[in-house]
Amino acid sequence: KADADQSDKTVKDLIWLLYDTSLLTSGFSLDEPSTFASRIHRLVKLGLSIDDDDDGEMEDDMDDLPALDGDDNEESAMEQVD
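Throughout, residues of each chain are indexed from 1 in the direction in which the sequence is written. Per-residue local features are limited, in this predicted model, to residues with pLDDT of at least 70; the limit for side-chain atom pairs, both in listing and counting, is 80 or more; totals at the level of whole chains, interfaces and linings are taken over all residues. Each side-chain value is derived from all of the structure's non-hydrogen atoms; neither hydrogens nor water enter the calculation.

## Quick word on the packing of helix H1 (residues 9-25) against helix H2 (residues 33-48)
Viewed as axis vectors pointing N to C, H1 and H2 meet at an angle of 130°, and their least axial separation amounts to 10 Å. As judged from the angle between their axes, H1 and H2 are oblique. Crossing of H1 against H2: the hand is left-handed. Counted together, Lys9, Thr10, Asp13, Leu14, Trp16, Leu17, Asp20, Thr21 and Leu24 of H1 and Phe36, Arg39, Ile40, Arg42, Leu43 and Leu46 of H2 form the full contact between these two elements. Of the residues in the contact of H1 with H2, the class split is 8 nonpolar, 2 polar and 5 charged. Helix axes are fitted only over the stretch in contact, all axes being lines through C-alpha atoms; the angle between N-to-C directions runs from 0 to 180 degrees. Strands here are runs of E lasting at least two residues and helices are runs of H or I lasting at least four, both read from the DSSP assignment and numbered beginning at the N terminus. Geometric relationships in this document are graded by angle, where less than 35 degrees denotes roughly parallel, more than 145 denotes roughly antiparallel, 65 to 115 denotes roughly perpendicular, and other angles denote oblique. In this scheme the handedness of a crossing depends on how the near helix is turned from the far one: anticlockwise by less than a right angle means left-handed, clockwise means right-handed. Whether two residues touch is decided by their heavy atoms; if any such pair falls within 4.5 Å, the residues are in contact. Three categories are distinguished: nonpolar for Ala, Val, Leu, Ile, Met, Phe, Trp, Tyr, Cys and Pro, charged for Asp, Glu, Lys and Arg, and polar for the others, with Gly belonging to the last.

## Quick look at H2
Given 3.6 residues per turn, any residue in an α-helix points the same way as the ones three and four places further on. Between the first and last C-alpha of H2 there are 23 Å, a value that for 16 residues agrees with the 22 Å anticipated at 1.5 Å per step. Of all the positions in H2, only Phe36, Arg39 and Leu43 are classed as buried. Along H2, the residues classed as buried sweep out an arc of 60° about the axis, all on the same side. Set apart from the buried face of H2 by more than 90 degrees, the exposed residues are Ser34, His41 and Leu48. Contacts from the buried residues of H2 go to H1. Ser49 lies just past H2 and shows a positive phi near 55°. By definition here, a helix of n residues has an expected span of 1.5 Å times n minus one. Note on classification: 1.4 Å probe, protein chains only; a residue is buried when its accessible area is under 20% of the maximum for its type, exposed when over 50%, partly exposed between these limits. Summarising the geometry, the arc corresponds to the directions from the helix axis toward the C-beta atoms.

## Considerations on unusual backbone geometry
Of note in this structure, Ser49 is not a glycine but carries a positive phi near 55°. Position of Ser49 among the secondary structure elements: in the loop between H2 and helix H3 (55-63). You can call Ser49 exposed: its relative accessible area is 61%.

## Considerations on a nonpolar patch on the surface
On the surface, Ile40, Val44, Leu48 and Ile50 cluster together to form a nonpolar patch covering roughly 330 Å² of accessible area. Along the polypeptide, Ile50 turns up in the loop between H2 and H3. With relative accessibility at 40%, the residue Ile50 sits in the partly exposed group. Candidates for patches are residues over 30% relative accessible area with no salt bridge; among them, like charges are joined within 9 Å and nonpolar side chains (Val, Leu, Ile, Met, Phe, Trp, Tyr) within 5 Å. For the accessible areas, the method is Shrake-Rupley and the probe is 1.4 Å, while residue cover comes only from the protein chains on display. For this analysis, a salt bridge means a side-chain nitrogen from Lys or Arg found within 4 Å of a carboxyl oxygen belonging to Asp or Glu.

## Notes on the environment of Leu17
Of note, Leu17 is situated in helix H1. Residue classification places Leu17 among the buried positions, given a relative accessible area of 19%. For Leu17 and Phe36, which are 19 residues apart along the polypeptide, the C-alpha to C-alpha distance reads 6.9 Å.

If you want it as structure tokens, here you go:
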């Protein structure tokens, strides 16, 4: 795939992901962790075949979901600890 298209963003993302992951596992920290996270998000989207065009539809789907149990604006247990 890399030979077919030298400017393929997926291949570049995979290479950078391998490099950044090797830095992390070696004990180093990343200079730009948000870039690392966005690469992971893009590759997960690719793996799940999620299009960016579906973002508006997801908001509509969220309206159809039932309310969460205990979602009556009470403080959570973590907030009570403070």
